[in-house]
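Fold and geometry: a report
One-letter residues, chain by chain:
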Amino acid sequence: MSSLHPAVEAVDSLVMFCEGLFLKSYRCPDGVLAIGYGHTGDDVHDDQIITRAQAIHLLLEDLSRSVDEISHYIERPMQPHQMGALASLVHNVGAYEIGDSSLMDYLNKGEIGVYDKISALYDINLKGMSHASHEWASFRVAQNVNGKRNIMPGLVRRRAYELELFHTGRWQPGPDDVQAHLVFCDSEPDQEPSAFGPGMISQEISQLHNALMFLGYNVQPGNVYSFATADAIRHFQGKNGLTADGLYGPATAKALSSSIQDTNTSQKHHLNGIMYA
């Protein structure tokens, strides 16, 4: 794929976090078949299995397409992070739904107004929000599940993160999401991944968390590679002269092993099952 649009670079981690990684096709609450990071379309079929690399490729293609589609409805200049936030919304609900909405009317008039993350996350009445932010925060967060119209907590959080990115140029998971966002997926088919990254689940990630906590990093125990894990790995890589990409591969494992061996040996008996290179 050619170089990414800056808007895609601004939002890809948000969509990865909110969608979760599914290497086997599944049905969304509305019955649509999806795979990877929320990819849908005629190329998705029952019992399909893909690799993580394929899932990332599909996501970047989807987000690039979302940027192109929503661009046709935008009538005023926007920063890449603002376009990225809109691309996440398009990825979730479709360009026409947004382009034909009063939300787009507000944005094209420059009536962006104020936003409050706490209200977007936890206040069903969205107090203290402008009309535009209020509409964004509530945009298509209800879905029909088993014949009933339900507010989907995951979509409420996604809208809050989209708004945060649109208004501030960055986004950060809420305190409950850092611990509770579990990405359910099958193991990589037929092979072990060459590196672990956000959205992956493995017992080896539990062992990695033990190692990081032993070295003083503030990560949560468990077998899910979260963005907090990636931040800790990125910091460790930077300190040890490695490429700070936030992925846990052989070179990082070797450096982590060396760092542990250099620590006070009296502390080592507290570790259980640290993965060594």
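Residues numbered from 1 in each chain as written. Predicted model: local features only at pLDDT ≥ 70, side-chain atom pairs only at ≥ 80, totals over all residues. Heavy atoms only, no water.

Attention now moves to the overall build of the chain. Along the backbone of the chain there are twelve helices and four strands. The buried share of the chain, taken over its 277 residues, is 47%. For the chain, the share of sequence-separated contacts (at least 6 apart) that also reach a separation of at least 24 residues comes to 53%. Within the structure as shown, the chain displays about 14000 Å² of accessible surface, and the carbon and sulfur contribution to it stands at 49%. (Helix = DSSP H or I, 4+ residues; strand = E, 2+ residues; numbered from the N terminus. Buried < 20%, exposed > 50% of the residue type's maximum accessible area, 1.4 Å probe, protein only. Contact = heavy atoms within 4.5 Å. Areas by Shrake-Rupley, 256 points an atom, 1.4 Å probe, with all protein chains shown as cover.)

What follows covers the pattern of salt bridges. The final tally for this structure, using the stated rule, is seven salt bridges. Arginine 140 serves as the salt-bridge partner of glutamate 97, at 3.3 Å between the closest nitrogen and oxygen. Residue glutamate 97 is found in helix H4 (residues 95–99), and its partner arginine 140 is found in the loop between helix H7 (131–137) and strand E3 (142–145); the two are separated by 43 residues along the sequence. On the accessibility criterion, glutamate 97 (38% relative accessible area) is partly exposed. Ionic pairing is found between aspartate 231 and arginine 234, a salt bridge with its closest N-O pair at 2.8 Å. One end of the pair, aspartate 231, and the other, arginine 234, are both in helix H11 (residues 227–239), three residues apart, so they sit about a helical turn from each other. Of the residues examined, aspartate 231 reaches a relative accessible area of 44% and is grouped as partly exposed. One network of salt bridges, in which partners are shared, links Glu19, Arg158, Arg159 and Glu162. (Salt bridge = Lys/Arg side-chain N within 4 Å of Asp/Glu carboxyl O.)

A few words now on the packing of H11 against helix H12 (residues 250–261). One can describe the packing of H11 onto H12 by two numbers: an axis separation of 11 Å at closest approach and a directional angle of 75°. As summarised for this structure, H11 and H12 are arranged roughly perpendicular, according to the angle between their axes. Facing Ile233, Phe236 and Gln237 of H11, the residues of H12 in contact are Thr252, Ala255, Leu256 and Ser259. By residue class, the composition of the contact of H11 with H12 is four nonpolar, three polar and no charged. (Axes fitted to C-alpha atoms, helices over the stretch in contact; angles between N-to-C directions. Parallel < 35°, antiparallel > 145°, perpendicular 65-115°, else oblique. Nonpolar A, V, L, I, M, F, W, Y, C, P; charged D, E, K, R; others polar.)

The residue glutamate 135 is located in helix H7 in this model. One polar contact links glutamate 135 to serine 102, side chain to side chain, over a distance of 2.5 Å. Once you skip the residues sitting within four places of it in the chain, glutamate 135 turns out to touch Ser101, Ser102, Leu103 and Tyr106. (Polar contact = N/O pair within 3.5 Å; in protein donor to acceptor, adjacent residues only side chain to side chain.)

The next subject is H11. With 13 residues, H11 should reach 18 Å at 1.5 Å per residue; the first-to-last C-alpha distance of 18 Å fits that figure. All buried positions along H11 are accounted for by Phe227, Thr229, Ala230, Ala232, Ile233, Phe236 and Gln237. Buried residues in H11 make contact with helix H1 (6–19), helix H10 (203–214) and H12. (Expected span 1.5 Å × (residues − 1).)

Looking now at the nonpolar core. Formed by 67 residues in total, the largest nonpolar core has its most connected members in Leu86, Ile98 and Trp136. Once residues within four sequence positions are removed from consideration, isoleucine 98 is found in contact with Ile70, Leu86, Leu89, Val90, Val93, Met104 and Phe139. (Core = buried A, V, L, I, M, F, W, Y, C linked by side-chain atoms within 4.5 Å.)

What follows is about the environment of tyrosine 106. Looking at where tyrosine 106 falls in the secondary structure, it is placed in helix H5 (residues 102–108). For tyrosine 106, a relative accessible area of 23% corresponds to the partly exposed category. The spacing of tyrosine 106 and glutamate 135 is 29 residues in sequence and 9.5 Å in space, taken between C-alpha atoms. Excluding residues within four positions of it along the chain, tyrosine 106 makes contact with Glu111, His131, Ala132 and Glu135.

Where helix H3 (residues 80–93) meets helix H8 (residues 153–168), the axes come as close as 7 Å, and the angle between the chain directions of the two elements is 160°. On the basis of the axis angle, H3 is roughly antiparallel to H8. Contact with H3, carried on its side by His81, Gln82, Gly84, Ala85, Ser88, Leu89, His91, Asn92 and Val93, involves Leu155, Arg158, Arg159, Glu162, Leu165 and Phe166 of H8 and no other residues of that element. Looking at side-chain class alone, the contact of H3 with H8 contains six nonpolar, six polar and three charged residues.

Keep in mind these values describe shape, not function.
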